Protein chains: 2
Amino acid sequence: MNTLPGDARLPRYQQLRDHMVEQIANNRWRPGEAIPTEAALASEFQMSVGTVRKAVDVLVAEGVLERQQGRGTFIRRPQFQSSLFRFFRFESANGARVVPESRILSIEPLPAPSAVAAALGLAAQTEVIRIVRLRLLGAQPVLAEEIWLARQTFQPLLEVELDRKGPLLYPIYETLCGQVVAYAEETLTAESVDAVQGRLLQLPEGSPVVVIERLARDYAGKPLEWRRSRGHAQHFRYRIDIR
Amino acid sequence: MNTLPGDARLPRYQQLRDHMVEQIANNRWRPGEAIPTEAALASEFQMSVGTVRKAVDVLVAEGVLERQQGRGTFIRRPQFQSSLFRFFRFESANGARVVPESRILSIEPLPAPSAVAAALGLAAQTEVIRIVRLRLLGAQPVLAEEIWLARQTFQPLLEVELDRKGPLLYPIYETLCGQVVAYAEETLTAESVDAVQGRLLQLPEGSPVVVIERLARDYAGKPLEWRRSRGHAQHFRYRIDIR
DNA sequence: AAGTGGTCTAGACCACACA
DNA sequence: GTGTGGTCTAGACCACTTC
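Everything in this summary refers to the structure shown in the same document. (Residues numbered from 1 in each chain as written. Chains lettered and ligands numbered in written order. Predicted model: local features only at pLDDT ≥ 70, side-chain atom pairs only at ≥ 80, totals over all residues. Heavy atoms only, no water.)

## Observations concerning the overall build of chain A
In terms of regular secondary structure, chain A is built from eight helices and nine strands. Projected onto its principal axes, the C-alpha positions of chain A cover 65 × 45 × 35 Å. In chain A, the share of contacts with a sequence separation of at least 24, taken over all contacts with a separation of at least 6, comes to 60%. Just so you have it, chain A exposes about 11,900 Å², and 48% of that area is on carbon and sulfur atoms. Placing the 31 positive and 28 negative side-chain charges of chain A at their respective mean positions leaves the two points 3 Å apart. (Helix = DSSP H or I, 4+ residues; strand = E, 2+ residues; numbered from the N terminus. Contact = heavy atoms within 4.5 Å. Areas by Shrake-Rupley, 256 points an atom, 1.4 Å probe, with all protein chains shown as cover. Lys, Arg positive; Asp, Glu negative; His and termini not counted. Charge placed at Lys NZ, Arg CZ, Asp CG, Glu CD.)

## Thoughts on the protein's contact with DNA strand D
Contacts to DNA strand D come from 20 residues, most closely from Arg-12, Tyr-13, Thr-51 and Arg-71 of chain A together with Arg-67 of chain B. Between DNA strand D and Ser-48 of chain A, the relevant distance is 2.9 Å, taken from a phosphate oxygen to a main-chain nitrogen or oxygen of the residue. Listed by contribution, the elements that provide at least two residues to the surface near DNA strand D are helix H1 (12-25) and helix H3 (49-61) of chain A together with strand S1 (65-68) and strand S2 (72-75) of chain B. Across the surface near DNA strand D, the residue classes break down as three nonpolar, 11 polar and six charged. (Near = heavy atom within 4 Å. Polar contact = N/O pair within 3.5 Å; in protein donor to acceptor, adjacent residues only side chain to side chain. Nonpolar A, V, L, I, M, F, W, Y, C, P; charged D, E, K, R; others polar.)

## With respect to the relation of the copies chain A and chain B
For the pair chain A and chain B, the relating rotation is 180°, the translation along its axis is 0.0 Å, and the fit reaches an RMSD of 0.1 Å. A rotation of that kind, with that shift, is consistent with a two-fold axis. Minimal C-alpha separation from the rotation axis in chain A is found for Pro-208 of chain A, amounting to 2.5 Å. (Least-squares fit on C-alpha atoms with pLDDT ≥ 70 in both.)

## Some remarks on the pattern of salt bridges
Residue and element names in this part refer to chain B. Within this structure, the stated rule accounts for 44 salt bridges over all chains. Salt-bridge contacts for Arg-227 lead to Glu-225; the nearest nitrogen and oxygen are separated by 2.9 Å. Here Glu-225 falls in the buried class, since its relative accessible area comes to 0%. (Salt bridge = Lys/Arg side-chain N within 4 Å of Asp/Glu carboxyl O. Buried < 20%, exposed > 50% of the residue type's maximum accessible area, 1.4 Å probe, protein only.)

## Remarks on the interface of chain A and chain B
Contact residues are listed per partner, giving 32 residues for chain A and 31 residues for chain B. Interface of chain A and chain B: buried area, both sides summed, is about 2,700 Å²; carbon and sulfur atoms make up 56% of it. The interface formed by chain A and chain B contains two salt bridges. Among the salt bridges present, the one from Glu-185 of chain B reaches Arg-239 of chain A, with a minimum N-O distance of 3.5 Å. At the surface where chain A touches chain B, the tally comes to six residue pairs in polar contact (both at pLDDT 80 or more). At the level of elements, helix H4 (81-87), strand S6 (183-192), strand S7 (208-217) and strand S9 (238-242) of chain A are the ones that each hand at least two residues to the side of chain A that touches chain B. Tallied by class, residues from the side of chain A that touches chain B come to 15 nonpolar, seven polar and 10 charged. Alignment of S6 of chain A against strand S9 (residues 238-242) of chain B, held across five bridges, turns out to be antiparallel. Directly across from Ala-184 of chain A, in S9 of chain B, lies its bridge partner Ile-242 of chain B. (Buried area = accessible area lost by both parts, 1.4 Å probe. Pairing = 2+ DSSP bridges.)

## A closer look at the side chain of Arg-214 of chain B
Residue and element names in this part refer to chain B. Tracing the sequence through the fold places Arg-214 in strand S7 (residues 208-217). Arg-214 sits in the buried class, given a relative accessible area of 5%. At 2.9 Å, the side chain of Arg-214 and the side chain of Tyr-170 are in polar contact. In this structure, Arg-214 is in contact with Phe-80, Ser-83, Tyr-170, Ala-184, Glu-185, Glu-186, Glu-225, Trp-226 and Arg-227, ignoring residues within four places of it in sequence.

## Remarks on the pairing of S2 of chain B
Residue and element names in this part refer to chain B. Relative to S2, S1 is paired through four bridges, and the arrangement is antiparallel. In the sheet register, Leu-65 faces S2, and the bridge partner there is Ile-75. Between the end of S1 and the start of S2, which pair antiparallel, lie three residues, with Gly-70 showing a positive phi angle near 85°.

## Section: the pairing of strand S8 (residues 223-232) of chain B
Residues and elements named next belong to chain B. Within S8, seven of the 10 residues are buried, leaving the element largely enclosed by the surrounding structure. Sheet topology note: the strand S5 (residues 140-150)/S8 ladder contains seven bridges and is antiparallel. Across the sheet, residue Glu-146 finds its bridge partner in S8, namely Arg-228. The sheet contact formed by S7 and S8 spans nine bridges and is antiparallel. Paired with Leu-215 across the two strands is Trp-226, which belongs to S8. Hairpin connection from S7 to S8: five residues lie between these consecutive antiparallel strands, with Gly-221 at a positive phi of about 90°.

Following this line, the structure appears as structure tokens:
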């Protein structure tokens, strides 16, 4: 038995939803784990199973939870490497999808430029870490990325050989820095590549490139990472259903 | 009282959902109209209100219906002109969003090229209508569009002065041809503009443009229109939330 | 067989729209 | 006030997973 915090004017299923998000944000439940059964939650918070189901429905629709009939309901671990696949077609010679390798060109602490500080919600000049890296298929560069992180939180990254740890950063954030990326906002634009980026991507200056800016947040909504990725427009294809 | 058609092994709420989609597809209910109340549907199909609510929930999530507390549940009329706003920022001098004007450059019947026939689900060489038009803000072209329609269904378009009827085609399809666009699939790509399109858009050859291909369908899923729009990448910005 | 989520019921009361 | 959708209850039984 327990009582729900939060605004009592809200529907009870919303209060429960908010409470569960908070549990996840506070690492009470970890990604991949099962939450208590619907019956257990109903009895803990003195509500009917139907109300619990409605709260869970909301979180499933938001992509936070995942139901598995007969097994339980689990905290979903977001699959962010799929993000690039939504935008860029990276395929090996036989047509299988491939995660491009990663080559880190630089990683260094520096005072935050004002745009980065604003995006990450930091005071101007706060120390941040900038990572510049290339993503490659074989020898061919396909994406150039700039990644910005608060130094205070991500200091451990400066003390390891990142390139040894594979192309995906978010699992590293989780194991090394205890930070879980839960949501992200992405903005797509397109532009003509400049000389610097063109050299990185081995494209003639003026070639069309697609730019993806991403702000990644934890379950509590706190900004963790800001990154800007540029890729050759020729690999870019994005499909969407509208109504 | 009534019985539901369809696969009786499916959950009853799914059967009701399918039935309602069929009603809409057959123009039994028109966009903007209210569907029967939940209580009426429950008694008509001999199920509880909770089951009706679940069927309606699904259709609301799919964007087909819209609930209005205290008023009723309505067939949603899709607002497709907002599609371009999702991708391109068209603003007047004072920052307000504007629907670009339309200037039709050509409209003519011709045998379907094979790619168009495939997209529209027509036999090769079926007669189709091709519309080429520019979208402009003031004197400035911002989008160039190619639009393909089955001639048999859209013949009335050839017999009117389309430019007199405003920049939005879908309301015209509805009033003149009785066709309601319900869903669409869009594919985004980017490329360097060629000489022909560059002249239309008043851009130097090689400038980056974003290409949107759209296949629009009616409620029954039948393809109605295939179009390809090109716009200057500088106006392109698309934001998305991921999890 | 036991435990989980999935479907469904029949009712209650609340919040909002509208005449 | 009447009618609509919105919330919530307390059960029942089904389908699937796991032991």
